[in-house]
Amino acid sequence: MTFQVKIAQGLKAVPAAEWDACALGAGTGDDDPFNPFVSHAFLSALEDSGCVGAKTGWAPLHVLVEDEAEQLLGAAPCYLKSHSMGEYVFDHSWADAYTRAGGRYYPKLQVAVPFTPVTGPRLLVPNGDRAEEIRSYLVAGLRSLRDQTGASSIHATFLQQNDLEAFTAEKFLRRDDQQFHWFNEGYGSFDDFLAALASRKRKAIRRERRDALGAGITIEWVTGKDITEAHWDAFFAFYMDTGSRKWGRPYLNRLFFSLIGERMADRVLLVMAKRDGRYIAGAINLIGDKRLYGRNWGCIEDHPFLHFEVCYYQAIAFAIAHGLDRVEAGAQGEHKLARGYRPVLTSSAHDIADSSLRRAVQAYLDQERRYVSEAAEELEESTPFKHREED
(Lines give C-alpha, C1' and ligand atoms only; values in the text may rest on other atoms or scores of the structure.)
Protein backbone atom coordinates (compact mmCIF):
# COMPACT_ATOMS: atom_id res chain seq x y z
CA MET A 1 0.00 0.00 0.00
CA THR A 2 1.27 3.45 -0.87
CA PHE A 3 0.25 6.66 0.87
CA GLN A 4 -0.41 10.13 -0.44
CA VAL A 5 -0.69 13.38 1.50
CA LYS A 6 -3.33 15.97 0.64
CA ILE A 7 -4.49 19.27 2.11
CA ALA A 8 -8.19 20.02 2.64
CA GLN A 9 -9.21 23.66 2.90
CA GLY A 10 -12.11 22.82 5.15
CA LEU A 11 -14.10 19.77 6.16
CA LYS A 12 -16.68 20.11 3.39
CA ALA A 13 -14.15 18.23 1.25
CA VAL A 14 -13.88 15.34 3.74
CA PRO A 15 -16.66 12.75 4.21
CA ALA A 16 -17.83 12.82 7.82
CA ALA A 17 -17.85 9.03 8.14
CA GLU A 18 -14.22 8.74 6.98
CA TRP A 19 -13.02 11.55 9.26
CA ASP A 20 -14.80 10.11 12.29
CA ALA A 21 -13.52 6.60 11.53
CA CYS A 22 -9.99 8.01 11.80
CA ALA A 23 -10.77 9.93 15.00
CA LEU A 24 -12.36 6.93 16.71
CA GLY A 25 -9.79 4.57 18.07
CA ALA A 26 -6.96 7.06 17.63
CA GLY A 27 -6.10 6.89 21.31
CA THR A 28 -4.86 4.32 23.77
CA GLY A 29 -6.63 2.56 26.61
CA ASP A 30 -6.16 5.62 28.83
CA ASP A 31 -7.89 7.97 26.39
CA ASP A 32 -11.56 8.65 25.79
CA PRO A 33 -12.71 6.40 22.90
CA PHE A 34 -14.91 9.24 21.60
CA ASN A 35 -13.50 12.73 21.95
CA PRO A 36 -16.33 15.00 20.77
CA PHE A 37 -14.07 17.92 19.92
CA VAL A 38 -12.29 16.18 17.04
CA SER A 39 -15.52 14.85 15.56
CA HIS A 40 -16.52 16.04 12.10
CA ALA A 41 -19.71 17.49 13.62
CA PHE A 42 -17.89 19.77 16.06
CA LEU A 43 -15.08 20.92 13.78
CA SER A 44 -17.40 21.47 10.80
CA ALA A 45 -19.75 23.51 13.01
CA LEU A 46 -16.85 25.84 13.75
CA GLU A 47 -16.21 26.22 10.03
CA ASP A 48 -19.80 26.45 8.84
CA SER A 49 -20.68 29.07 11.45
CA GLY A 50 -17.73 31.24 10.47
CA CYS A 51 -16.08 30.96 13.90
CA VAL A 52 -12.98 29.72 12.08
CA GLY A 53 -11.85 30.73 8.62
CA ALA A 54 -9.37 33.05 6.95
CA LYS A 55 -11.18 36.16 8.25
CA THR A 56 -10.80 35.02 11.85
CA GLY A 57 -7.12 34.12 11.52
CA TRP A 58 -7.90 30.39 11.68
CA ALA A 59 -7.71 29.24 8.05
CA PRO A 60 -8.40 25.46 7.84
CA LEU A 61 -5.66 23.47 6.10
CA HIS A 62 -6.30 19.93 7.31
CA VAL A 63 -3.60 17.40 6.48
CA LEU A 64 -4.88 14.08 5.11
CA VAL A 65 -3.22 10.76 4.35
CA GLU A 66 -5.00 8.55 1.80
CA ASP A 67 -4.34 5.23 0.08
CA GLU A 68 -4.31 4.62 -3.68
CA ALA A 69 -8.12 4.43 -3.74
CA GLU A 70 -8.34 7.85 -1.99
CA GLN A 71 -9.62 6.23 1.20
CA LEU A 72 -8.80 8.37 4.20
CA LEU A 73 -6.31 6.66 6.53
CA GLY A 74 -5.33 9.53 8.81
CA ALA A 75 -5.83 13.24 9.34
CA ALA A 76 -4.60 16.18 11.39
CA PRO A 77 -6.89 19.16 12.11
CA CYS A 78 -4.64 22.05 11.14
CA TYR A 79 -5.05 25.82 10.80
CA LEU A 80 -2.92 28.58 9.33
CA LYS A 81 -2.83 31.24 12.05
CA SER A 82 -2.15 34.96 11.76
CA HIS A 83 -2.18 35.50 15.54
CA SER A 84 -1.94 33.50 18.78
CA MET A 85 -5.41 34.00 20.22
CA GLY A 86 -7.80 31.22 21.22
CA GLU A 87 -5.09 28.61 21.81
CA TYR A 88 -4.54 28.45 25.62
CA VAL A 89 -0.87 27.57 25.11
CA PHE A 90 0.75 30.96 25.09
CA ASP A 91 3.58 31.76 22.71
CA HIS A 92 3.21 35.55 22.57
CA SER A 93 6.66 36.06 24.11
CA TRP A 94 8.21 33.87 21.43
CA ALA A 95 6.50 35.90 18.71
CA ASP A 96 7.59 39.20 20.27
CA ALA A 97 11.21 38.10 20.64
CA TYR A 98 11.37 36.81 17.07
CA THR A 99 9.84 40.01 15.70
CA ARG A 100 12.30 42.18 17.64
CA ALA A 101 15.13 40.09 16.15
CA GLY A 102 13.84 40.84 12.65
CA GLY A 103 11.94 37.61 12.03
CA ARG A 104 8.34 37.01 10.95
CA TYR A 105 6.52 34.70 13.35
CA TYR A 106 3.15 34.75 11.60
CA PRO A 107 1.73 32.88 9.84
CA LYS A 108 2.19 29.71 11.85
CA LEU A 109 0.49 26.30 11.75
CA GLN A 110 -1.69 25.20 14.64
CA VAL A 111 -2.66 21.53 15.03
CA ALA A 112 -5.48 21.88 17.49
CA VAL A 113 -9.18 22.23 18.18
CA PRO A 114 -9.84 25.99 18.04
CA PHE A 115 -10.76 27.67 21.32
CA THR A 116 -10.68 24.33 23.15
CA PRO A 117 -8.08 23.50 25.85
CA VAL A 118 -8.97 19.81 25.92
CA THR A 119 -6.47 16.98 25.50
CA GLY A 120 -7.35 14.61 22.67
CA PRO A 121 -6.09 13.08 19.43
CA ARG A 122 -4.39 15.42 16.98
CA LEU A 123 -2.97 12.79 14.64
CA LEU A 124 -6.21 11.02 13.84
CA VAL A 125 -4.96 7.56 13.02
CA PRO A 126 -6.80 4.41 14.12
CA ASN A 127 -4.61 1.89 15.89
CA GLY A 128 -3.31 -0.74 13.50
CA ASP A 129 -0.23 -2.30 11.96
CA ARG A 130 0.72 0.82 10.00
CA ALA A 131 -0.49 3.49 12.43
CA GLU A 132 3.02 4.65 13.26
CA GLU A 133 3.89 4.98 9.59
CA ILE A 134 0.74 7.00 8.87
CA ARG A 135 1.54 9.34 11.76
CA SER A 136 4.97 9.89 10.22
CA TYR A 137 3.34 10.81 6.92
CA LEU A 138 1.10 13.30 8.72
CA VAL A 139 4.08 14.94 10.43
CA ALA A 140 5.96 15.07 7.12
CA GLY A 141 2.86 16.60 5.55
CA LEU A 142 2.74 19.28 8.24
CA ARG A 143 6.37 20.18 7.64
CA SER A 144 5.82 20.33 3.90
CA LEU A 145 2.79 22.56 4.49
CA ARG A 146 4.90 24.83 6.69
CA ASP A 147 7.33 25.28 3.82
CA GLN A 148 4.55 25.88 1.28
CA THR A 149 2.82 28.53 3.39
CA GLY A 150 5.95 30.25 4.67
CA ALA A 151 4.90 29.52 8.25
CA SER A 152 7.51 29.98 10.94
CA SER A 153 6.50 27.01 13.05
CA ILE A 154 4.11 24.14 13.82
CA HIS A 155 2.32 23.94 17.16
CA ALA A 156 0.40 20.81 18.19
CA THR A 157 -1.43 21.47 21.43
CA PHE A 158 -3.18 19.42 24.14
CA LEU A 159 -1.72 16.13 22.98
CA GLN A 160 -2.57 12.69 24.19
CA GLN A 161 0.41 10.46 24.95
CA ASN A 162 0.76 8.51 21.69
CA ASP A 163 0.68 11.71 19.62
CA LEU A 164 3.15 13.42 21.94
CA GLU A 165 5.52 10.49 21.44
CA ALA A 166 5.06 10.67 17.66
CA PHE A 167 5.88 14.39 17.56
CA THR A 168 8.86 14.23 19.92
CA ALA A 169 10.25 11.28 17.93
CA GLU A 170 10.27 13.71 14.98
CA LYS A 171 12.30 16.23 17.05
CA PHE A 172 9.44 18.52 18.04
CA LEU A 173 10.03 20.41 21.29
CA ARG A 174 7.89 19.36 24.24
CA ARG A 175 6.05 21.83 26.43
CA ASP A 176 4.13 20.96 29.63
CA ASP A 177 1.41 22.79 31.50
CA GLN A 178 -1.30 21.75 33.93
CA GLN A 179 -5.04 21.61 34.34
CA PHE A 180 -7.37 20.34 37.04
CA HIS A 181 -9.51 17.24 36.49
CA TRP A 182 -11.95 15.38 38.73
CA PHE A 183 -11.59 11.59 38.86
CA ASN A 184 -14.44 9.21 39.56
CA GLU A 185 -13.15 6.62 42.01
CA GLY A 186 -16.23 4.44 41.64
CA TYR A 187 -18.51 6.76 43.60
CA GLY A 188 -22.15 5.78 43.76
CA SER A 189 -23.36 9.26 44.69
CA PHE A 190 -22.16 12.79 45.36
CA ASP A 191 -22.21 11.98 49.07
CA ASP A 192 -19.81 9.09 48.40
CA PHE A 193 -17.43 11.58 46.81
CA LEU A 194 -17.78 13.93 49.78
CA ALA A 195 -17.01 11.06 52.13
CA ALA A 196 -13.56 10.80 50.55
CA LEU A 197 -12.74 14.38 51.60
CA ALA A 198 -11.36 15.69 54.85
CA SER A 199 -14.24 16.78 57.09
CA ARG A 200 -13.42 20.50 56.91
CA LYS A 201 -13.40 20.44 53.11
CA ARG A 202 -16.56 18.34 53.00
CA LYS A 203 -18.41 20.84 55.17
CA ALA A 204 -17.17 23.75 53.02
CA ILE A 205 -18.53 22.18 49.84
CA ARG A 206 -21.89 21.45 51.44
CA ARG A 207 -22.10 25.06 52.59
CA GLU A 208 -21.19 26.37 49.13
CA ARG A 209 -23.84 24.21 47.47
CA ARG A 210 -26.47 25.32 49.97
CA ASP A 211 -25.60 29.00 49.55
CA ALA A 212 -25.49 28.76 45.74
CA LEU A 213 -29.14 27.69 45.63
CA GLY A 214 -30.27 29.82 48.54
CA ALA A 215 -32.10 32.45 46.47
CA GLY A 216 -34.67 30.00 45.19
CA ILE A 217 -32.45 28.82 42.33
CA THR A 218 -33.07 25.45 40.72
CA ILE A 219 -30.81 23.47 38.39
CA GLU A 220 -31.72 21.60 35.20
CA TRP A 221 -29.72 19.16 33.09
CA VAL A 222 -30.72 19.51 29.45
CA THR A 223 -29.37 17.26 26.72
CA GLY A 224 -30.27 15.61 23.41
CA LYS A 225 -33.64 16.37 21.85
CA ASP A 226 -34.69 18.34 24.95
CA ILE A 227 -32.35 21.19 23.97
CA THR A 228 -34.36 23.88 22.18
CA GLU A 229 -33.44 27.12 20.46
CA ALA A 230 -34.78 28.90 23.54
CA HIS A 231 -32.13 27.13 25.61
CA TRP A 232 -29.48 28.22 23.15
CA ASP A 233 -30.76 31.81 23.20
CA ALA A 234 -30.52 31.89 26.98
CA PHE A 235 -27.11 30.24 27.10
CA PHE A 236 -25.69 32.49 24.37
CA ALA A 237 -26.68 35.57 26.38
CA PHE A 238 -24.73 34.15 29.35
CA TYR A 239 -21.77 33.29 27.15
CA MET A 240 -21.61 36.74 25.55
CA ASP A 241 -21.82 38.54 28.88
CA THR A 242 -19.02 36.57 30.47
CA GLY A 243 -16.90 36.37 27.32
CA SER A 244 -17.10 40.10 26.68
CA ARG A 245 -15.89 40.84 30.18
CA LYS A 246 -13.09 38.24 30.18
CA TRP A 247 -11.46 38.55 26.78
CA GLY A 248 -13.22 41.34 24.90
CA ARG A 249 -14.61 39.43 21.93
CA PRO A 250 -16.07 35.96 22.46
CA TYR A 251 -14.86 33.44 19.90
CA LEU A 252 -18.11 31.54 19.29
CA ASN A 253 -21.19 32.95 17.58
CA ARG A 254 -24.86 32.12 17.97
CA LEU A 255 -25.00 29.98 14.83
CA PHE A 256 -22.32 27.65 16.15
CA PHE A 257 -24.48 26.60 19.08
CA SER A 258 -27.45 25.89 16.84
CA LEU A 259 -25.25 23.76 14.60
CA ILE A 260 -23.89 21.57 17.37
CA GLY A 261 -27.47 21.29 18.63
CA GLU A 262 -28.46 19.93 15.23
CA ARG A 263 -25.43 17.70 14.69
CA MET A 264 -24.46 16.33 18.10
CA ALA A 265 -27.14 17.18 20.67
CA ASP A 266 -26.76 13.80 22.37
CA ARG A 267 -23.18 14.78 23.18
CA VAL A 268 -24.15 18.14 24.69
CA LEU A 269 -25.09 18.79 28.30
CA LEU A 270 -26.42 22.19 29.32
CA VAL A 271 -26.49 22.83 33.05
CA MET A 272 -29.01 25.64 33.45
CA ALA A 273 -29.83 27.63 36.59
CA LYS A 274 -33.31 29.12 36.90
CA ARG A 275 -34.78 31.70 39.30
CA ASP A 276 -38.29 33.16 39.30
CA GLY A 277 -39.17 31.34 36.09
CA ARG A 278 -36.22 32.43 33.94
CA TYR A 279 -32.75 31.11 33.27
CA ILE A 280 -30.05 33.20 34.91
CA ALA A 281 -26.88 31.12 34.37
CA GLY A 282 -25.63 28.10 32.51
CA ALA A 283 -22.66 25.99 31.50
CA ILE A 284 -22.08 23.88 28.40
CA ASN A 285 -20.38 20.51 28.62
CA LEU A 286 -19.62 17.94 25.94
CA ILE A 287 -20.02 14.25 26.70
CA GLY A 288 -17.46 11.67 25.66
CA ASP A 289 -17.69 7.93 26.11
CA LYS A 290 -15.72 8.08 29.35
CA ARG A 291 -15.39 11.76 30.23
CA LEU A 292 -17.36 14.95 30.67
CA TYR A 293 -15.76 18.10 29.28
CA GLY A 294 -16.73 21.41 30.81
CA ARG A 295 -16.35 24.30 28.40
CA ASN A 296 -18.12 27.66 28.67
CA TRP A 297 -20.17 29.29 31.39
CA GLY A 298 -22.01 32.56 31.87
CA CYS A 299 -24.64 34.33 33.93
CA ILE A 300 -26.85 37.40 33.96
CA GLU A 301 -27.22 37.48 37.76
CA ASP A 302 -24.46 37.19 40.34
CA HIS A 303 -25.04 34.79 43.23
CA PRO A 304 -22.41 33.51 45.68
CA PHE A 305 -20.91 30.17 44.67
CA LEU A 306 -23.29 29.71 41.71
CA HIS A 307 -20.34 29.38 39.35
CA PHE A 308 -18.92 26.51 41.43
CA GLU A 309 -22.31 24.79 41.57
CA VAL A 310 -23.12 25.04 37.87
CA CYS A 311 -19.64 24.33 36.50
CA TYR A 312 -18.04 21.95 39.01
CA TYR A 313 -20.45 20.29 41.41
CA GLN A 314 -23.17 19.63 38.84
CA ALA A 315 -20.55 18.22 36.46
CA ILE A 316 -19.38 15.84 39.18
CA ALA A 317 -22.95 14.79 39.93
CA PHE A 318 -23.66 14.15 36.23
CA ALA A 319 -20.46 12.12 35.82
CA ILE A 320 -21.32 9.95 38.81
CA ALA A 321 -24.90 9.45 37.63
CA HIS A 322 -23.74 8.40 34.15
CA GLY A 323 -20.69 6.35 35.07
CA LEU A 324 -18.13 8.70 33.51
CA ASP A 325 -14.61 8.37 34.84
CA ARG A 326 -13.41 11.96 34.64
CA VAL A 327 -14.51 15.59 34.47
CA GLU A 328 -12.19 17.95 32.62
CA ALA A 329 -12.99 21.50 33.62
CA GLY A 330 -10.89 23.46 31.13
CA ALA A 331 -7.86 25.67 31.54
CA GLN A 332 -6.42 27.30 34.64
CA GLY A 333 -8.09 27.56 38.04
CA GLU A 334 -6.26 26.49 41.19
CA HIS A 335 -9.56 27.21 42.97
CA LYS A 336 -10.73 23.89 41.52
CA LEU A 337 -8.45 22.05 43.95
CA ALA A 338 -10.70 22.82 46.91
CA ARG A 339 -13.64 21.38 44.91
CA GLY A 340 -12.06 17.95 44.48
CA TYR A 341 -10.22 18.45 41.18
CA ARG A 342 -6.62 17.24 40.93
CA PRO A 343 -3.63 18.67 39.00
CA VAL A 344 -2.95 16.94 35.67
CA LEU A 345 -0.11 17.63 33.25
CA THR A 346 -0.97 18.65 29.70
CA SER A 347 1.51 18.65 26.83
CA SER A 348 2.13 20.27 23.46
CA ALA A 349 4.79 19.94 20.76
CA HIS A 350 6.46 22.69 18.74
CA ASP A 351 8.58 22.65 15.60
CA ILE A 352 10.35 25.91 14.78
CA ALA A 353 12.10 26.40 11.47
CA ASP A 354 14.59 29.09 12.50
CA SER A 355 17.45 27.39 14.36
CA SER A 356 18.25 30.41 16.55
CA LEU A 357 14.66 30.78 17.75
CA ARG A 358 14.43 27.02 18.24
CA ARG A 359 17.50 26.98 20.52
CA ALA A 360 16.14 29.84 22.62
CA VAL A 361 12.71 28.24 22.95
CA GLN A 362 14.22 24.85 23.81
CA ALA A 363 16.25 26.36 26.67
CA TYR A 364 13.14 28.10 27.98
CA LEU A 365 11.02 24.94 27.77
CA ASP A 366 13.62 22.81 29.58
CA GLN A 367 13.40 25.18 32.54
CA GLU A 368 9.61 25.58 32.34
CA ARG A 369 8.98 21.82 32.37
CA ARG A 370 10.88 21.43 35.63
CA TYR A 371 8.87 24.21 37.23
CA VAL A 372 5.53 22.79 36.03
CA SER A 373 6.39 19.31 37.32
CA GLU A 374 7.42 20.61 40.74
CA ALA A 375 4.32 22.82 40.97
CA ALA A 376 2.03 19.89 40.16
CA GLU A 377 3.59 17.79 42.93
CA GLU A 378 3.09 20.60 45.44
CA LEU A 379 -0.51 21.18 44.36
CA GLU A 380 -1.34 17.50 44.75
CA GLU A 381 -0.60 17.91 48.45
CA SER A 382 -3.25 20.65 48.61
CA THR A 383 -6.18 18.52 47.44
CA PRO A 384 -9.09 18.20 49.89
CA PHE A 385 -8.93 14.40 50.04
CA LYS A 386 -8.16 12.59 53.28
CA HIS A 387 -4.48 12.07 53.81
CA ARG A 388 -3.21 10.91 57.18
CA GLU A 389 -5.42 13.04 59.33
CA GLU A 390 -8.14 11.48 61.41
CA ASP A 391 -11.59 12.31 60.07
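Everything discussed here concerns the structure shown above.
These numbers were taken from a predicted model, which means no experiment stands behind them.

1. Observations concerning the sheet that holds strand β3 (residues 62-66)
Across the sheet, three strands lie side by side as β1-β3-β4; this open sheet has antiparallel pairing. With one partner strand each, in any of the chains shown, β1 (4-8) and β4 (72-76) form the two edges of the open sheet. Neighbouring strand axes in the sheet, compared pairwise and without regard to direction, differ in orientation by 25 degrees on average. Across five bridges, β1 lies against β3 in antiparallel orientation. Bridge pairing in β3 links Lys 6 to Leu 64. Across the sheet, helix α1 (residues 16-23) is in contact with β3 and β4; its angle to β4 comes to roughly 75 degrees. The strands touched by helix α4 (residues 131-149) within the sheet are β1, β3 and β4, with β3 carrying the most contacts at an inclination of about 135 degrees.

2. Regarding the sheet that holds strand β9 (residues 218-223)
Spatially, the eleven strands line up as an open sheet ordered β2-β5-β6-β7-β14-β8-β13-β12-β11-β10-β9, and their pairing is mixed. The open sheet has two edge strands with one neighbour each: β2 (58-60) and β9. For this sheet the average axis-to-axis angle between neighbouring strands, irrespective of direction, equals 30 degrees. Where α4 meets the sheet, it contacts β5 (78-81), β6 (108-111), β7 (153-156) and β14 (342-352), and its direction lies at approximately 150 degrees from that of β6. Against the sheet, helix α5 (residues 161-169) touches β7, β8 (173-183) and β14, its axis set at about 30 degrees to β14.

3. What about helix α11 (residues 355-380)?
Over its 26 residues, α11 runs 37 Å from end to end, which matches the ideal 38 Å to within 8%, given 1.5 Å per residue. Looking at the packing, one finds that the buried side of α11 touches α3 (92-100), β8 and β14. Between the side-chain oxygen at the start of α11 and the backbone nitrogen of Ser 356 there is a gap of 3.0 Å, and the oxygen is on Asp 354.

About the cut-offs
- Residues numbered from 1 in each chain as written.
- Predicted model: local features only at pLDDT ≥ 70, side-chain atom pairs only at ≥ 80, totals over all residues.
- Heavy atoms only, no water.
- Pairing = 2+ DSSP bridges.
- Helix = DSSP H or I, 4+ residues; strand = E, 2+ residues; numbered from the N terminus.
- Axes fitted to C-alpha atoms, helices over the stretch in contact; angles between N-to-C directions.
- Contact = heavy atoms within 4.5 Å.
- Expected span 1.5 Å × (residues − 1).
- Polar contact = N/O pair within 3.5 Å; in protein donor to acceptor, adjacent residues only side chain to side chain.

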